[in-house]
Amino acid sequence: MATEKPLAGVRVLELARILAGPWCGQLLADLGAEVIKVERPEVGDDTRAWGPPFVADAKGGAWGSAYYHGCNRGKRSLAVDFESDNGRATIRRLAGACDVVIENFKVGGLTKFGLDADSLRAAFPRLVYCSISGFGQDGPYAERAGYDYIIQGMSGLMDITGEPEREPQKVGVAVVDLFTGVYASTAILAALRRRDRDGIGAHIDMALMDCAVAMLANQAMNYLVSGRSPSRLGNAHPNIAPYQVFAVADGHVIVAVGNDRQFGGLCRAIGAEAAGAEPDFATNPLRVANRARLASALAPFLSALARAELLAKLEAAGVPAGPINRIADVFADPQVVHRGLRLDLVGDDGARVAGIASPIVIDGVRMASDRPSPRLGEANGVDATR
């Protein structure tokens, strides 16, 4: 079994802040890449101050917010002033010693420093340069700043999220930033593979708006095929029924019926045989067409059962279902504990900070860096070009 991580030997220069770019860099670090994060002197990445809560070092000093630690694990930090000649020369020298550059400045923002893709790739043709922006490197919105919340609204994602009669809702985390970081890491790996084959680098153009539209998945396809924009359905599914949240005697449960066999199992498990025999509920298309009446027919049987009892019945019947956990419940869940999704990382001074592991497991080894997020400028004075 291989002992080195897959990206061992790959060097990444991260000129990115906030979330999408750093999320991409953290994923590459988890996979074994050496990631050098360039930050502004004194203040660093904006998210260092995005708290509370904050993480303290061994002496009780500031080590950055929980938010910052959530997307910068395993990196080294260099504090460099882009405005100075020395700073720009340092970054160019670093770029020449790296395989990948990740940046999320506004379109054209690095050109005045000579650190844009054209300038660096002219000097270093094998460089894979990944630009992350709100709307991409071209088009009528290219010069706009991109914010996850706004992109969720513009992309249609918010319009299909929330209850039908209430205002549209954003997702509870910055899901477009996160998806963009993952898409960007995939693109970087593809470009590195091509470079290995053909010897040339690449300029990757990743846009939050592009990623958000791609994330619409089946909902976008529903529109493209039917010509009708999907509407908000709360916790219901646009293409399957019953696939939603139901009230039970002591809370709520998700019931996720995916086929006719599972529907029959659900009805038998909860004693709703009459609903199971109803002709209007015989197939999934019929259940979708009659979803409101179906939910009303099932609700009394489900609300009579306690959560644990219902989940046990449905598991025995082979019907997909699950609880709605608080985040504290998630990290106490036996499966989450068994899979090691909570990290306990130790800094150079012995200070400890929790973390969330990468979901990637290769050959039985979880791909998560064992180093916490860096202190601002901790690698200054070290020759990072070697």
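Residues numbered from 1 in each chain as written. Predicted model: local features only at pLDDT ≥ 70, side-chain atom pairs only at ≥ 80, totals over all residues. Heavy atoms only, no water.

### Brief notes about the pattern of salt bridges
And then number 1: If you walk through the whole model with that rule in mind, you get 17 salt bridges.
And then number 2: In this structure, Glu14 engages Lys75 in a salt bridge whose closest nitrogen and oxygen atoms are separated by 2.7 Å. Of the two residues, Glu14 is situated in strand 1 (residues 11–15) and Lys75 in strand 5 (residues 75–79); the sequence distance between them amounts to 61 residues. The pair Glu14 / Lys75 is uniform in exposure class, with both members buried.
And then number 3: Salt-bridge contacts for Lys37 lead to Asp45; the nearest nitrogen and oxygen are separated by 3.0 Å.
And then number 4: According to the relative accessible area criterion, Asp45 is buried, its value standing at 3%.
And then number 5: What you see here is one network of salt bridges that share partners, running through Glu14, Lys37, Asp45 and Lys75. (Salt bridge = Lys/Arg side-chain N within 4 Å of Asp/Glu carboxyl O. Helix = DSSP H or I, 4+ residues; strand = E, 2+ residues; numbered from the N terminus. Buried < 20%, exposed > 50% of the residue type's maximum accessible area, 1.4 Å probe, protein only.)

### Let's talk about the packing of helix 9 (residues 260–270) against helix 13 (residues 307–317)
And then number 1: Contact pair helix 9 / helix 13: the axes reach a minimum separation of 9 Å and the direction vectors enclose 135°. The orientation of helix 9 with respect to helix 13, classified from their angle, is oblique. Crossing handedness for the pair helix 9 and helix 13: right-handed. Residues Gly265, Leu266, Ala269 and Ile270 of helix 9 touch helix 13, and the partners they reach there are Leu310, Lys313, Leu314 and Ala317.
And then number 2: Of the residues belonging to the contact of helix 9 with helix 13, the class tally is 6 nonpolar, 1 polar and 1 charged. (Axes fitted to C-alpha atoms, helices over the stretch in contact; angles between N-to-C directions. Parallel < 35°, antiparallel > 145°, perpendicular 65-115°, else oblique. Left-handed = near helix turned anticlockwise from the far one by under 90°. Contact = heavy atoms within 4.5 Å. Nonpolar A, V, L, I, M, F, W, Y, C, P; charged D, E, K, R; others polar.)

### A word on the environment of Asn72
And then number 1: On the secondary structure map, Asn72 appears in the loop between helix 2 (66–69) and strand 5.
And then number 2: We classify Asn72 as buried; its relative accessible area is 0%.
And then number 3: Leave out the neighbours within four places in its chain, and Asn72 touches Glu14, Pro22, Gln26, Lys37, Asp45, Ser373 and Pro374.
And then number 4: Side-chain polar atoms of Asn72 contact the side chain of Lys75, separated by 2.9 Å. (Polar contact = N/O pair within 3.5 Å; in protein donor to acceptor, adjacent residues only side chain to side chain.)

### Focus: the nonpolar core
And then number 1: Core analysis: the biggest nonpolar cluster contains 37 residues, and Val12, Leu28, Ile102, Ile132 and Ile188 have the highest contact counts within it.
And then number 2: Those elements giving two or more residues to this core turn out to be helix 1 (20–30), strand 6 (100–103), strand 7 (128–133), helix 6 (175–198), strand 8 (202–207) and helix 7 (208–215).
And then number 3: With 6 residues, the top contributor of residues to this core is helix 6.
And then number 4: Among residues more than four places away in sequence, those in contact with Ile102 are Val12, Leu13, Glu14, Leu15, Ala16, Gly21, Cys24, Gly25, Leu28, Cys130, Ile132 and Ile188.
And then number 5: Within the second largest apolar cluster, 23 residues are counted, among which are Ala241, Val253, Phe263 and Ala269. (Core = buried A, V, L, I, M, F, W, Y, C linked by side-chain atoms within 4.5 Å.)

### Some points on the pairing of strand 2 (residues 34–39)
Each regular strand displays side chains that alternate between the two surfaces of the sheet.
And then number 1: Burial analysis of strand 2 places 5 of its 6 residues in the buried class, the great majority of the element.
And then number 2: Alignment of strand 1 against strand 2, held across 4 bridges, turns out to be parallel. Note that in strand 2 the partner of Val12 across the bridge is Val35.
And then number 3: In this fold, the crossover linking strand 1 to strand 2 by way of helix 1 has right-handed handedness. (Pairing = 2+ DSSP bridges. Right-handed = clockwise from strand over helix to strand, strands pointing away.)

### What about helix 12 (residues 291–303)?
And then number 1: The terminal C-alpha atoms of helix 12, which comprises 13 residues, lie 18 Å apart, in line with the 18 Å expected from a rise of 1.5 Å per residue.
And then number 2: Taken as a whole, helix 12 carries its principal kink of about 25° at Ala297; the proline Pro300 stands between one and four residues after it.
And then number 3: Taken together, the buried residues of helix 12 touch strand 9 (243–248), helix 9, helix 10 (273–277), helix 11 (284–289) and helix 13. (Expected span 1.5 Å × (residues − 1). Bend = angle between axes of the 7 residues up to and from the residue.)

### Re the environment of Asn325
And then number 1: Along the chain, the position of Asn325 falls in the loop between strand 11 (321–323) and helix 14 (327–330).
And then number 2: With 280 residues separating them along the chain, Asn325 and Asp45 place their C-alpha atoms 32 Å apart.

### Some details on the pairing of strand 1
And then number 1: In terms of burial, strand 1 is a largely internal element, 5 of the 5 residues being buried.
And then number 2: Neither face of strand 1 is left uncovered, since the one carrying Arg11, Leu13 and Leu15 and the one carrying Val12 and Glu14 both have all their residues buried.
And then number 3: In terms of strand pairing, strand 1 meets strand 6 through 4 bridges, oriented parallel. Bridge pairing links Leu15 to Glu103 in strand 6.

### Description of unusual backbone geometry
And then number 1: Backbone torsion omega between Gly51 and Pro52 reads 5°, so that peptide bond is classified as cis.
And then number 2: With respect to the helices, strands and loops of the structure, Pro52 is situated in the loop between strand 2 and strand 3 (54–56).
And then number 3: Looking along the chain, the bond that leaves Pro52 and enters Pro53 is cis, with omega of 5°.
And then number 4: Not every positive phi belongs to a glycine, and Ile18 is a case in point at roughly 70°.

### Some remarks on the side chain of Arg287
And then number 1: Mapped onto the elements of the fold, Arg287 is located in helix 11.
And then number 2: On the accessibility criterion, Arg287 (0% relative accessible area) is buried.
And then number 3: Leaving out residues up to four positions away in the same chain, Arg287 has contacts with Ala241, Pro242, Asn259, Asp260, Phe263, Asp280, Phe281, Ala282 and Leu294.

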